[in-house]
Amino acid sequence: MNPDPRLRRVVIGVDTHKYVHVAVALDDIGGRLDDRSFPADRAGYEQLIDWAADLGARRLIFAIEGTGSYGVGLTSAVRRRGIGVVEVLRTDRRDRRLRGKSDTLDAENAARAALSGNATSVPKTNDGTVEMIRQIKVAKDVAVKARTSAMITLKAVIVTAAPELREQLQPLSKMALINRCAALRPGSITTVAAATKHTLRSIARRWQQLNDEIKTHEKLLTELTTQLVPQLVAAFGVGADTAAELLIVAGDNIDRVRSEAAWARLCGVAPIPASSGLTTRHRLNRGGHRQANAALYRSVIVRMQHHQPTRAYVTRRTSEGKTKAEIIRCLKRLLAREIWALLRPLRSTNTTTTAIT
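Residues numbered from 1 in each chain as written. Predicted model: local features only at pLDDT ≥ 70, side-chain atom pairs only at ≥ 80, totals over all residues. Heavy atoms only, no water.

Quick word on the overall build of the protein chain
Operational definition: Counting from the N terminus, the helices are DSSP H or I runs at least four residues long and the strands are E runs at least two residues long. When accessible area is computed with a 1.4 Å probe and restricted to protein chains, residues below 20% of their type maximum are described as buried, those above 50% as exposed, and intermediate ones as partly exposed. Using a 1.4 Å probe, accessible areas were evaluated by the Shrake-Rupley method; residue-level cover was limited to the displayed protein chains.
Along its length, the protein chain carries 14 helices and seven strands. Dimensions of the protein chain, computed from C-alpha atoms along their principal axes, come out at roughly 85 × 60 × 45 Å. Counting all 357 residues of the protein chain, 41% fall into the buried class. Surface exposure of the protein chain reaches about 19,400 Å², of which carbon and sulfur atoms provide 52%.

Remarks on the confidence of the model for the protein chain
Inclusion rule: By definition, pLDDT measures how confident the predictor is in each residue, and it falls between 0 and 100. Pairs of residues are marked as contacts when any of their non-hydrogen atoms sit within 4.5 Å.
Confidence along the protein chain averages 88 in pLDDT terms, with 93% of residues attaining 70 or more. Contacts for the low-pLDDT stretch residues 349-357, under 50 throughout, to residues beyond four places or in other chains number 20 contacts.

Describing the packing of helix 8 (residues 192-228) against helix 10 (residues 239-250)
Note the cut-off: Interaxial angle, 0 to 180 degrees, is taken between N-to-C directions of lines fitted to C-alpha atoms, where a helix line uses only the stretch in contact. Should an angle fall under 35 degrees it is taken as roughly parallel, and over 145 as roughly antiparallel, whereas 65 to 115 is taken as roughly perpendicular and any remaining angle as oblique. The handedness criterion is simple: a crossing whose near helix is rotated anticlockwise from the far helix by less than a right angle is left-handed, and one whose near helix is rotated clockwise is right-handed. For this scheme, ten residues count as nonpolar: Ala, Val, Leu, Ile, Met, Phe, Trp, Tyr, Cys and Pro. Four count as charged, namely Asp, Glu, Lys and Arg, and the remainder, Gly too, count as polar.
Running from N to C, helix 8 and helix 10 point in directions that differ by 65°, and their axes come no closer than 9 Å. Overall, the two elements helix 8 and helix 10 adopt an arrangement that is roughly perpendicular. The chirality of how helix 8 crosses helix 10 is left-handed. For the pair formed by helix 8 and helix 10, the contact residues are Leu221, Thr222, Thr225 and Leu228 on the first element and Ala240, Ala243, Ala244 and Leu247 on the second. Class assignment of the residues belonging to the contact of helix 8 with helix 10 gives a composition of six nonpolar, two polar and no charged.

Looking at the packing of aromatic side chains
What counts is decided by this rule: Centres within 6.5 Å make a pair out of two Phe, Tyr or Trp rings, where for Trp the six-membered ring is used; the pair is then stacked when the planes are under 30 degrees apart, edge-to-face when over 60, and tilted otherwise.
Counted under the stated rule, the structure contains two aromatic pairs. An angle of 50° between the planes, with centres 5.6 Å apart, marks the rings of phenylalanine 38 and tryptophan 51 as tilted. Here phenylalanine 38 is found in strand 3 (residues 32-39), whereas its partner tryptophan 51 is found in helix 1 (residues 42-53), with 13 residues between them in sequence. Just as phenylalanine 38 is buried, tryptophan 51 falls in that class too.

Description of the nonpolar core
Note the threshold: For the purposes of this section, nonpolar cores are sets of buried Ala, Val, Leu, Ile, Met, Phe, Trp, Tyr and Cys residues that join through side-chain atoms within 4.5 Å.
With 39 residues, the main nonpolar core has Ile133, Leu232, Trp263, Leu296, Leu331, Ile339 and Leu343 as its most contacted residues. Going through the elements one at a time, helix 5 (129-159), helix 8, helix 9 (230-233), helix 10, helix 11 (260-266), helix 12 (290-306), helix 13 (308-319) and helix 14 (324-342) are the ones with two or more residues in this core. If we skip the residues at most four places from it in the chain, tryptophan 263 touches Leu246, Val249, Ala250, Val257, Ala336, Ile339, Trp340 and Leu343. Ala23, Ala52, Ala77 and Val78 belong to the second-largest nonpolar core, a separate cluster that totals 20 residues.

As for the state of the cysteines
A covalent bond bridging the sulfur atoms of two cysteines is what the word disulfide describes. Threshold: In this description, a disulfide is simply a cysteine sulfur pair whose atoms lie within 2.5 Å.
Enumeration over the complete set of coordinates arrives at zero disulfides. No disulfide involves cysteine 267; its sulfur sits 16 Å from the nearest other cysteine sulfur, which is in cysteine 330.

Concerning the sheet that holds strand 4 (residues 59-65)
Threshold: In this scheme, strands are said to pair when DSSP sees at least two bridges between them.
Read across the sheet, five strands follow the order 3-2-1-4-5 without closing on themselves; strand pairing throughout is mixed. The strands lining the two open edges of the sheet, one partner per strand, are strand 3 and strand 5 (84-88). Adjacent strand axes in the sheet meet at a mean angle of 20°, parallel and antiparallel pairs treated alike.

Overview of the environment of valine 300
Relative to the helices and strands, valine 300 is located in helix 12. By relative accessible area, valine 300 is classed as buried at 2%. Placed 43 residues apart in sequence, valine 300 and leucine 343 show a C-alpha to C-alpha distance of 18 Å. Setting aside residues up to four positions removed in sequence, valine 300 forms contacts with Ile328, Leu331, Lys332 and Leu335.

Some words on the packing of helix 13 against helix 14
The interhelical angle for the contact between helix 13 and helix 14, taken along N-to-C directions, is 135°, at an axis separation of 10 Å. Between helix 13 and helix 14, the angle is such that the two are oblique. The chirality of how helix 13 crosses helix 14 is right-handed. Where helix 13 abuts helix 14, its residues Thr310, Tyr313, Val314, Arg317 and Thr318 lie against Ile327, Cys330, Leu331 and Leu334. Looking at the contact of helix 13 with helix 14 residue by residue, the classes come out as six nonpolar, two polar and one charged.

A closer look at unusual backbone geometry
Look at asparagine 126: it is not a glycine, yet its phi comes out positive at around 55°. Inspection of the secondary structure puts asparagine 126 in the loop between helix 4 (103-116) and helix 5.

Below, the structure is given as structure tokens:
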């Protein structure tokens, strides 16, 4: 393709998949220039970027869907070439119903979202300490879920066990039950009771292994978060686990979040109007990162029980007629503001050209 010297800006919309990426190029006024498909590997990334560069634009922008999943490799490759990139959300359902659904259409919609200014989010870099925290947090969350499932299954097996075995195990506390079941000796599997003991021992030992694994993950998370943001880990009611969740939301390039208000919206604690008639009130945004919102909620609950300033705040707001749910919403918003201030050391003085606003 011969470069067109009239092109001032070209936006490359990319619909990412596991094995292939589909790209559509639009000019500055929304006209389609070309569309291609490329393999989703390192060679394919270079081919895609070279194809985009050959269009001859003075300024090149990539609008990529799934920058945190299938598009993470392409996003990193584009960044290494010094080209701007924005993250695009999935196409609106109403638009898909009206125009249809295909990879090319999705790529074109991504490019038009960036061209119109609707897509401005800077993708996470995924190449620093926060990405290390995220990977370990994934392993820990999976292990916690499996440990919980093991305990539920263990107690379900005890319910249907023989009376003499059930009556010995049911009164025990959790740890005593795990240790007792892990030490069972079923012997030869010739009776139902022996098979039940074998099952209980297997599940209890699995629980112990998962518990040891979780402790290892927690130790690593504590070390990494304390090294990166010790002031956040030390905050009342936060700790390493909550700090890790909030750091994952922020990403390694926290500068992509321009303001404290944008941070609150990202965490799903930005108040929005919910008034009707004679009622004037606000509620929290139902969007945002749900895990971050849950982390803030857990910290708020801890502070409401053990933090004297928070308890005094709850008492004052209750006397003003606020419900418990409304007070928790206010506290989550205040906590998000406090955490944003504690994350200040991570924010560099250089601002990004395109960021969440």
